Amino acid sequence: MTDRIEPKTARLQLRQWQDADREPFAQMNADSRVMEFFPATLTRAESDAGIDRQIRHIEKYGWGFWAIERLEDRKFIGFVGIKHVADDMPFAPAVEIGWRLAADAWGRGYASEAARASLQVAFEQLGLADVVSFTVPANVRSRAVMEKLGMMQEQNFLHPALPPGHPMQEHVLYRLDARGYTMPKRA
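- The protein appears in an unreviewed UniProt entry as GNAT family N-acetyltransferase from Microbulbifer hydrolyticus.

Written out as structure tokens, the structure reads:
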């Protein structure tokens, strides 16, 4: 097993998944607002399988899509992190940065804050050359986070997991390379 990394920010703990996360994660994945830019909401079984995939990735590499806990009340609010993309993605191999937060955690800067901590791991600890992120073109909230992080839009592509003609098949790819990464100022 690889040493596990658990970034922390002023307001958030990015941590390993716990069994107690399963219920709030399933509720989040059943929320049509949260899943607006995904093909469908998820069942409890699909949501649990997603956690299991993240746990396996973290066990293998020491990093991945971490559960996010708000420090002030220890509440689970979603996930943020970095992980390897599927081999069938047109830009693979690559490491993506991604996030999904419960709707009641939106608009507070949590996604950007946790994503910056994830980029710090990617570039400062792991020495990655670049990180990608992607979403459907209409997802302006996630695209705004990508741009706040300094990521640059590269190209549109057809997501291989979605059938031809699916209304969400087209995705936009963003990338940040190590040269464009700015280390956070130390307090």
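### Focus: helix α3 (residues 110–125)
- Compared with the 22 Å implied by 1.5 Å per residue over 16 residues, the 22 Å span of α3 between its first and last C-alpha is a close match.
- Counting buried positions along α3 yields 12 of 16 residues, so the element is predominantly enclosed.
- A positive phi of about 65° marks G127, the residue just after α3.

### A word on the nonpolar core
- Grouped together as the largest cluster of nonpolar side chains are 45 residues, with contacts concentrated most on I97, W99 and L101.
- Broken down by element, the residue count for this core peaks at eight residues, all from α3.
- In contact with W99, not counting residues within four places along its chain, are F79, V80, A111, A115, S133, S142, V145, M146 and L149.
- Listed in part, the eight residues of the second largest apolar core include V85, A94, F134 and L173.

### Thoughts on the UniProt feature "domain: N-acetyltransferase" (unreviewed entry) in the protein
- Residues annotated by UniProt as "domain: N-acetyltransferase" (unreviewed entry) correspond here to residues 12–179.
- A distance of 27 Å separates the end C-alpha atoms of residues 12–179, which is 30% helix and 29% strand.

Rules used in this analysis
- Residues numbered from 1 in each chain as written.
- Predicted model: local features only at pLDDT ≥ 70, side-chain atom pairs only at ≥ 80, totals over all residues.
- Heavy atoms only, no water.
- Helix = DSSP H or I, 4+ residues; strand = E, 2+ residues; numbered from the N terminus.
- Expected span 1.5 Å × (residues − 1).
- Buried < 20%, exposed > 50% of the residue type's maximum accessible area, 1.4 Å probe, protein only.
- Core = buried A, V, L, I, M, F, W, Y, C linked by side-chain atoms within 4.5 Å.
- Contact = heavy atoms within 4.5 Å.
- UniProt positions renumbered as here; feature names shortened; annotations may be inferred.

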